[in-house]
Amino acid sequence: MNILLISPEVFPFAKTGGLADVVGALPEAIAKKGHKSSAILPYYQLVKKNGFKPVMFKKNISLRIYNREEFFNLLILKQNGVDVYFIEKNEYYDREFLYGTPQSDYQDNAFRFAFYAKAIIASIQYIGKQDVLHCNDWQSGLVPLYIRTHHKSDPLFSKTKILFTIHNMAYQGLFPGEVLPYIDVPWDLYTADGIEFWGKANFMKAGMIFSDAISTVSKGYSREILSPEFGCGLDGLLRAKEKMLYGIINGVDYSVWSPANDKFIAEKFDEKDTSGKAACKKDLADVFGIKYNAKRPMVAMITRLAEQKGIDLVVNIMKDILKESDFVILGFGDEKYNNIFQDLAKKHKGKVGVSIKFDNALSHKIEAGADMFLMPSRYEPCGLNQMYSLKYGTVPVVRAVGGLDDTIQNFNPSTKKGNGFKFKDATNEAFLGAIKDAVAIFKNKKLWDALVKNCLACDYSWESSAEQYLKLYKNL
Ligand code: ADP
């Protein structure tokens, strides 16, 4: 099969969250199974900043948008058996951020990602016919819409199947209806069973409606989003399409996330010999100006600073966390939380370490050096960091939702089974209770060693998830 992964971010070229990791690894896993797989994303400033230099594949491809002709270049970079294509249109993508500044989204995002969708469709005649277009998140939502409407009779797409994967229901790409003429979406699609959603144009909804199947990134989340609580207003549509809704858990790229070959960490270690973890903990303490203490748990987070991630709960119980542990956080996002955490670092100097930025190297140091990793998410489609943590022998303390619930089992000191700690209600008490349970086990070296061993034994490699995607592609 020929499969094109369509995603607004792909690791290591441009990343703001888990989506990039997924689309950074899945095409390679598919290619390894004997299929031709490619990925396509905008040529952002960040791609250049990250040191990548794709080369020209096709110059001056033309497309029509808003009654005018526009041109872009298609660039290519070959990596590990995968062709990665970049849409070069500096006017729209050569900016400091991918989607907007910390203060607000870019004003022209509807147009930027309509252009992206049209550019992908225009590129496929040069890339070659595709059996499957695998679209990801709202930014690629107009690809299925344009193909099934404007290109309904285009032989290039007559046999192409489309899968739309939702990585987060809460980010739907909502824009005022007035954008429709600018992005060539006809008004007759602006209805309740079309792109319209409570008086707005909804790009994710377009993707869901015009695709052949929908998937999301864990079985748990695929069930949760059928309910009003997690469906973010699209649960009705999802219930109507339940037969074509799938849940496939994300894999982990262990060539990137493994303490045995991690170039960013102070000392390498693996499941047979974890002694190097102590040096990593010391290194992490040094980075954040915390006094190293082997006997005191180092509790960590790496997260977008957004309400979704339950960071308000962390702030509420910080004083209690610090009674028995130190705390470090690497995060970036909501200005309000950027400030709150910086204040906490000042207030609890030497006990709380805060880094407000996006820093890949530091995220590896944290995974390797911490004893516990907190993910008190309000909802979590899959979550990757709990799976990375397992590989580094860092015990996850998570809320029992979505992919977190699917991948973490409560540790039972009597049977010594389980790979972390879970709590149900999004309350300060429940969260603190789980942390206290973890700290109590930490104090008992024998039990803690057993728990860490269980974590290290978990395998969430792409192998099985890629197989499930291939099966789904074939079934389309
Ligand atoms: P989401 O995609 O909702 O942000 P995930 O847990 O699925 O959450 O994936 C988050 C990914 O982004 C992980 O790889 C995590 O390490 C990374 N990440 C999040 N914030 C930062 C940051 N400030 N610096 C470096 N990496 C980060």
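Conventions adopted
Going along each chain's sequence as written, the residues are numbered from 1 onward. Reporting in this predicted model follows two pLDDT cut-offs: at least 70 for local features of residues, and 80 or more for side-chain atom pairs to be given and counted; totals over whole chains, interfaces and linings ignore these cut-offs and use all residues. Working from all heavy atoms in the structure, the side-chain values ignore hydrogens and water. The helix count covers DSSP runs of H or I at least four residues long, the strand count covers runs of E at least two residues long, and both are numbered beginning at the N terminus. The size measure is the radius of gyration over C-alpha atoms, and the globule rule it meets is 2.2 Å times the number of residues to the 0.38 power. When a residue's accessible area, from a 1.4 Å probe over protein chains only, is under 20% of the maximum for its type it is buried; when over 50% it is exposed; and in between it is partly exposed. In what follows, a contact means two residues having at least one pair of non-hydrogen atoms within 4.5 Å. Charge convention: Lys and Arg are scored as positive, Asp and Glu as negative, and His as well as the terminal groups of each chain are ignored. Throughout, a charge is located at the NZ atom of Lys, the CZ atom of Arg, the CG atom of Asp or the CD atom of Glu. When the strands point away from the viewer, a crossover counts as right-handed if the route from the first strand across the helix to the second turns clockwise. One heavy atom within 4 Å of a molecule or strand makes the whole residue count as near it. N or O atoms within 3.5 Å of each other form a polar contact, as long as, within protein, one can give a hydrogen and the other can take it, and as long as residues adjacent in sequence are counted only when both atoms are side-chain atoms. Accessible areas in this description were obtained via Shrake-Rupley with a 1.4 Å probe; residue shielding takes into account the shown protein chains only. Each residue gets one of three labels, nonpolar for Ala, Val, Leu, Ile, Met, Phe, Trp, Tyr, Cys and Pro, charged for Asp, Glu, Lys and Arg, and polar for the others, Gly among them. Two strands qualify as a pair provided DSSP detects at least 2 bridges between them. Axis definition: a line fit to C-alpha positions, over the contact stretch in the case of helices; interaxial angles, taken between N-to-C directions, run 0 to 180 degrees. By salt bridge we mean one thing: a side-chain nitrogen of Lys or Arg within 4 Å of a carboxyl oxygen of Asp or Glu. When two rings of Phe, Tyr or Trp (its six-membered ring) have centres within 6.5 Å they constitute a pair, described as stacked for plane angles under 30 degrees, edge-to-face for angles over 60, and tilted for the intermediate range. Oblique is the label for every angle not falling under 35 degrees (roughly parallel), over 145 degrees (roughly antiparallel), or within 65 to 115 degrees (roughly perpendicular). Throughout, a crossing is termed right-handed when the near helix is turned clockwise from the far one, and left-handed when it is turned anticlockwise from it by less than a right angle. Multiplying one less than the number of residues by 1.5 Å gives the expected span of a helix. The angle between axes fitted to the seven residues ending at a residue and the seven residues starting there is what we call the bend at that residue.

(A) Region of the structure containing the overall build of the protein chain. Secondary structure assignment for the protein chain yields 18 helices and 18 strands. For the protein chain, the C-alpha radius of gyration of 23 Å lies close to 23 Å, the compact-globule estimate for 476 residues. Dimensions of the protein chain along its principal axes, counting C-alpha atoms only, are 65 × 45 × 40 Å. Split into buried and exposed, the 476 residues of the protein chain put 60% on the buried side. The contacts of the protein chain with a sequence gap of at least 6 include a subset with a gap of at least 24, amounting to 71%. Put simply, the protein chain has 62 plus and 54 minus side-chain charges, and the middle of one group is 3 Å from the middle of the other.

(B) Molecular detail of the pairing of strand β16 (residues 372-375). The alternating pattern of β16 places M372 and L374 and F373 and M375 on opposite faces, both of which are buried. Each parallel crossover has a hand, and the one from β16 via helix α14 (residues 385-391) to strand β17 (residues 395-399) is right-handed.

(C) Representation of the site of the ligand in the model. Neighbouring residues of the ligand: 18 residues in total, closest K15, G18, R304, K309 and K357. Between the ligand and K309, the relevant distance is 2.8 Å, taken from an oxygen atom to a side-chain nitrogen or oxygen of the residue. The contact in question runs from a nitrogen atom of the ligand to an N or O atom on the backbone of K357, over 2.8 Å. Alone, the ligand offers 560 Å² of accessible surface; in the complex the protein occludes 93% of this. Those elements that provide at least two residues to the shell around the ligand are α1 (18-32), β13 (298-305), β14 (326-333) and α14. A per-element tally of the shell around the ligand places β13 first, with 3 residues. Tallied by class, residues from the shell around the ligand come to 5 nonpolar, 7 polar and 6 charged.

(D) Structural detail: the sheet that holds strand β10 (residues 200-202). Overall, antiparallel pairing links the 3 strands, which are arranged β8-β10-β9 in an open sheet. Two strands bound the open sheet, and with one partner strand each, they are β8 (174-176) and β9 (196-197). On the sheet, helix α6 (residues 203-210) packs against β8, β9 and β10 and is oriented at approximately 50° with respect to β10.

(E) Geometry of the pattern of salt bridges. This model, assessed by the stated rule, comprises 27 salt bridges. Its salt-bridge partner being R148, residue D212 comes within 2.9 Å of it at the nearest N-O pair. Remark: R148 occurs in helix α5 (residues 142-148) and D212 occurs in the loop between α6 and β11 (213-216); sequence separation between them is 64 residues.

(F) View of the side chain of K391. Positionally, K391 belongs in helix α14. Notably, K391 is buried but unbridged: the nearest opposite-charge side chain belongs to E271, and the N-O separation is 4.4 Å. What K391 contacts, discounting residues up to four positions off in sequence, is Y254, W257, S258, P259, E271 and L456.

(G) The arrangement of the packing of aromatic side chains in detail. According to the stated counting rule, one finds 23 aromatic pairs in the structure shown. Ring plane angle 15° and centroid distance 6.4 Å describe the contact between Y221 and Y379, whose orientation is recorded as stacked. Of this pair, Y221 sits in helix α7 (residues 219-224) while Y379 is found in the loop between β16 and α14, placing the two residues 158 residues apart along the sequence. Y379 matches Y221 in its accessibility class, with the two residues each being buried. An aromatic cluster is present here, built from Y44, F72, Y92, Y93, F111 and F115 joined pairwise through their rings.

(H) Molecular detail of the packing of helix α11 (residues 311-324) against helix α16 (residues 428-442). At a minimum axis separation of 10 Å, α11 and α16 run at an interaxial angle of 30°. If you check the angle between α11 and α16, you find them roughly parallel. Note on packing geometry: the crossing formed by α11 with α16 is right-handed. Facing L313, V314, N316, I317, D320, I321 and E324 of α11, the residues of α16 in contact are N428, F431, L432, I435 and V439. Tallied by class, residues from the contact of α11 with α16 come to 8 nonpolar, 2 polar and 2 charged.

(I) Focus on the packing of helix α10 (residues 276-287) against helix α13 (residues 360-369). One can describe the packing of α10 onto α13 by two numbers: an axis separation of 8 Å at closest approach and a directional angle of 130°. Classified by the interaxial angle, the pair formed by α10 and α13 is oblique. Of the two possible hands of crossing, α10 and α13 adopt the one that is left-handed. Between α10, through K277, C280, K281, D283, L284 and V287, and α13, the contact on the second element is made entirely by L362, K365, I366, E367, A368 and G369. Here the contact of α10 with α13 is composed, by residue class, of 6 nonpolar, 1 polar and 5 charged.

(J) Structural context of α11. With 14 residues, α11 should cover 20 Å at 1.5 Å per step; its first-to-last C-alpha distance of 19 Å lies within 8% of that length. Helix geometry: α11 is bent most strongly at I317, by close to 65°. Along α11, the residues that are buried comprise I311, D312, L313, V314, I317, M318, I321 and L322.

By themselves, these are just geometric observations and shouldn't be taken as functional.
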